[in-house]
Number of protein chains: 2
Amino acid sequence: MFQQITILGPGLLGASLALALKERGLSQKVHAWSRRPQTRAQALQTSWCDAVFESPSQACAGSELVVICTPVETIVPLLEQIAPSLTPQTLITDVGSTKSLICREARGTHVNFIGSHPMAGSEQTGMAHARADLFDGAACIITPLDEASELDIARLHQLWNAIGMDVSTCTPEKHDEIVAHISHLPHLIASSLCSYLAGKDSTWKQLSGGGLRDSTRVAAGDPTLWKQILEQNREEVLRAIDGFENELHALKTALLDQNTLELVAQLERGKRFRDSL
Amino acid sequence: MFQQITILGPGLLGASLALALKERGLSQKVHAWSRRPQTRAQALQTSWCDAVFESPSQACAGSELVVICTPVETIVPLLEQIAPSLTPQTLITDVGSTKSLICREARGTHVNFIGSHPMAGSEQTGMAHARADLFDGAACIITPLDEASELDIARLHQLWNAIGMDVSTCTPEKHDEIVAHISHLPHLIASSLCSYLAGKDSTWKQLSGGGLRDSTRVAAGDPTLWKQILEQNREEVLRAIDGFENELHALKTALLDQNTLELVAQLERGKRFRDSL
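Okay, so let's go over this structure. (Residues numbered from 1 in each chain as written. Chains lettered and ligands numbered in written order. Predicted model: local features only at pLDDT ≥ 70, side-chain atom pairs only at ≥ 80, totals over all residues. Heavy atoms only, no water.)

1. Observations regarding the interface of chain B and chain A
Next up, step 1: Listed as interface residues are 77 residues of chain B and, on the opposing side, 76 residues of chain A.
Next up, step 2: Buried area between chain B and chain A, summed over both chains or domains, comes out near 7,600 Å², and the portion from carbon and sulfur atoms is 70%.
Next up, step 3: Looking at the side of chain B facing chain A, the largest losses of area belong to B:Tyr196, B:Trp204 and B:Leu207, adding up to 10% of the total buried there.
Next up, step 4: Our count for the chain B to chain A interface comes out at six salt bridges.
Next up, step 5: Among the ionic pairs, B:Arg217 bridges to A:Asp214, the shortest N-O distance being 2.5 Å.
Next up, step 6: One can count 28 residue pairs in polar contact (both at pLDDT 80 or more) joining chain B with chain A.
Next up, step 7: For the side of chain B that touches chain A, the secondary-structure elements that each account for two or more residues are β7 (139–143), α7 (172–197), α8 (210–216), α9 (223–232), α10 (234–256) and α11 (260–276) of chain B.
Next up, step 8: Partitioned by chemical class, the residues of the side of chain B that touches chain A number 37 nonpolar, 20 polar and 20 charged. (Contact = heavy atoms within 4.5 Å. Buried area = accessible area lost by both parts, 1.4 Å probe. Salt bridge = Lys/Arg side-chain N within 4 Å of Asp/Glu carboxyl O. Polar contact = N/O pair within 3.5 Å; in protein donor to acceptor, adjacent residues only side chain to side chain. Helix = DSSP H or I, 4+ residues; strand = E, 2+ residues; numbered from the N terminus. Nonpolar A, V, L, I, M, F, W, Y, C, P; charged D, E, K, R; others polar.)

The following block contains the structure:
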């Protein structure tokens, strides 16, 4: 599929992608760049990495595909940095959890960029946790701008599909609205529940069971990465919080007013949705 | 440990308790009562059940321990029904998720009642899902009234401990405050998140991953049972919702005001709590 690809920032996602491509014979060579010398040395010890570079531009030279796998705030700065050394044929994508801001700013760099959001991962981070099957069966959204070529969209679709992902396409704005609801809001809620309970008697948590643990698992995510995601998707996230607050308020009101019919109706609506997941 | 015990309402919890006691040789005989003839017939087919009865009073005759395992709203009515046929030596307990109202009303029946809340279970319900190891390693709270005898408290402690539970004791009121926070609030939040998302584009959920599934697992619980639990623990639940609403509002405000320091501080507080679970 590819002669050579470049992974910028090979953490959990980047290294897993490289591993998945190499294991399937989908890229002959994988070049990598990381800001940290330690990560570069670690990458060289892996089976998926053919060469590491001290500068991102050097790492991109000669690659048909560049995948930016760094935290969302650094994607556009990196894009600006590598832009002068790319050929018009090089296809660039990323794995960021937000898309509107990144795609809008990518347009200004005049590189051949199409945003991707492979919705895989875990609370574990870093190259050491990389797995070739990380993406298997998960959803991936790609968010081409109007000027993207059909051929490049098809190549990117094929890339994620080849490693087992269920690929769909939408605008960057629609992507951000969707993930604000199905990913960022659940994260915020779990995090708020945890920070609220953190202020309570510390012995209570010894009494908690699998329910609380499952409900709050996502709150273990890296605060620095999540802060970036929330700030990049600020408006959609704020809208999603407002909607959720209204829903919770309606349930509270039903309980307060002893409106059993409404209380049960809301619990049933919730159960039906959950059962359909 | 016991010559004979009675399980009133052998669903998931009651049948699992009977199974656990029988497998460990902790009760020679187990008598059972269920409202439904079908459940009585089913119980007779199991290894843990020695006899079933059409009336709860008959089922209690001659037992040293009676465990009421029916939905919380029906615990006190059952207690009132069986009271005349119990001896002063019979120890009665339950497995209800709320304790204040039940223990307060149990006092009026003048039976030898001590509330229990074994915090085990799953979204699966019914006798067919019974497992002898359901309680293993989970927490159990017992909530004796002031007049309970030390001997009976010790017997009940031993009972739950013998099937692998980590037993603690507190007042019914403190129990209800604790579970409002660590169990009922997480349930309400998951349910509200699901009922909110139920109103959105139905294709979005195909894009969701393990994060949303884990966060909302508890929302699959039985709405009729949960409605009873929430109504019985109304005041504490309302207080817990208020506290959570304030916490979520603070996070929303930090995001709205672009107060990055506060946003990260709250995410970090949440992560620390989650990591400590």
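Past the structure itself, the notes keep going.
2. Considering the sheet that holds strand β2 (residues 27–33) of chain A
Paired through their backbone hydrogen bonds, the strands of a sheet run either parallel or antiparallel.
All names here are of chain A.
Next up, step 1: Ordered in space as β3-β2-β1-β4-β5, the five strands form an open sheet in which the pairing is parallel. The open sheet terminates on both sides in strands that have one partner only, identified here as β3 (51–53) and β5 (91–94). Geometrically, the sheet is characterised by an average inter-axis angle of 25° between neighbouring strands, direction not taken into account.
Next up, step 2: Here four bridges tie strand β1 (residues 2–8) to strand β4 (residues 65–68), and the two strands are oriented parallel to one another. Residue Leu8 lies in a different strand from β4, and its bridge partner there is Ile68.
Next up, step 3: In the packing of helix α1 (residues 12–23) onto the sheet, contacts are made with β1, β2 and β4, and the angle to β2 comes to roughly 165°. (Pairing = 2+ DSSP bridges. Axes fitted to C-alpha atoms, helices over the stretch in contact; angles between N-to-C directions.)

3. Quick notes on the relation of the copies chain B and chain A
Next up, step 1: Mapping chain B onto chain A leaves a residual RMSD of 0.0 Å; the transformation is a rotation of 180° accompanied by 0.0 Å of translation along its axis. This pairing of chains is accounted for by a two-fold axis. Using C-alpha coordinates, one finds that chain B approaches the rotation axis most closely at B:Ser215, a distance of 2.0 Å.
Next up, step 2: The fraction of interface residues of chain B whose copies in chain A are also interface residues reaches 99%, indicating that both copies meet through the same surface. (Least-squares fit on C-alpha atoms with pLDDT ≥ 70 in both.)

4. Observations concerning helix α5 (residues 100–107) of chain B
Next up, step 1: B:Ser100, B:Ile102, B:Cys103 and B:Ala106 are the residues of α5(B) that are buried.
Next up, step 2: Contact partners of the buried residues in α5(B): α4 (75–82), β5 (91–94), β6 (115–118), β7, α7 and α9 of chain B. (Buried < 20%, exposed > 50% of the residue type's maximum accessible area, 1.4 Å probe, protein only.)

5. Quick word on the packing of aromatic side chains
Two measures describe an aromatic ring pair: the distance that separates the ring centres and the angle between the ring planes.
All names here are of chain A.
Next up, step 1: Here the structure, examined in full by the defined rule, presents two aromatic pairs over all chains.
Next up, step 2: With a centroid separation of 6.1 Å and an interplanar angle of 55°, the aromatic rings of Phe135 and Trp160 are classed as tilted. Of this pair, Phe135 sits in the loop between β6 (115–118) and β7 (139–143) while Trp160 sits in helix α6 (residues 150–162), placing them 25 residues apart in sequence.
Next up, step 3: Take Phe135: its relative accessible area is 1%, and that puts it in the buried class. (Phe/Tyr/Trp six-rings, centres within 6.5 Å; stacked < 30°, edge-to-face > 60°.)

6. Description of the pairing of strand β8 (residues 166–169) of chain B
Next up, step 1: Looking at chain direction, β7(B) and β8(B) are connected through four bridges and run parallel. Along β8(B), the bridge assignment pairs B:Ile141 with B:Ser168.

7. What to know about the packing of helix α7 (residues 172–197) of chain A against α11(B)
Next up, step 1: Contact pair α7(A) / α11(B): the axes reach a minimum separation of 7 Å and the direction vectors enclose 75°. Classified by the angle their axes make, α7(A) and α11(B) are roughly perpendicular. Contacts between α7(A) and α11(B) pair A:His187, A:Ser191, A:Ser192, A:Cys194, A:Ser195 and A:Leu197 from the former with B:Gln266, B:Leu267, B:Arg269, B:Gly270, B:Phe273 and B:Arg274 from the latter.
Next up, step 2: Here the residues of the contact of α7(A) with α11(B) are counted per class, giving four nonpolar, six polar and two charged. (Parallel < 35°, antiparallel > 145°, perpendicular 65-115°, else oblique.)

8. What about the pattern of salt bridges?
Next up, step 1: In this structure the tally under the stated criterion is 28 salt bridges over all chains.
Next up, step 2: Ionic pairing is found between A:Arg155 and A:Asp152, a salt bridge with its closest N-O pair at 3.1 Å. Separated by three residues within a single helix, A:Arg155 and A:Asp152 lie in helix α6, roughly one turn from each other.
Next up, step 3: Between B:Arg239 and B:Glu236 there is a salt bridge; the shortest N-O distance is 3.2 Å.

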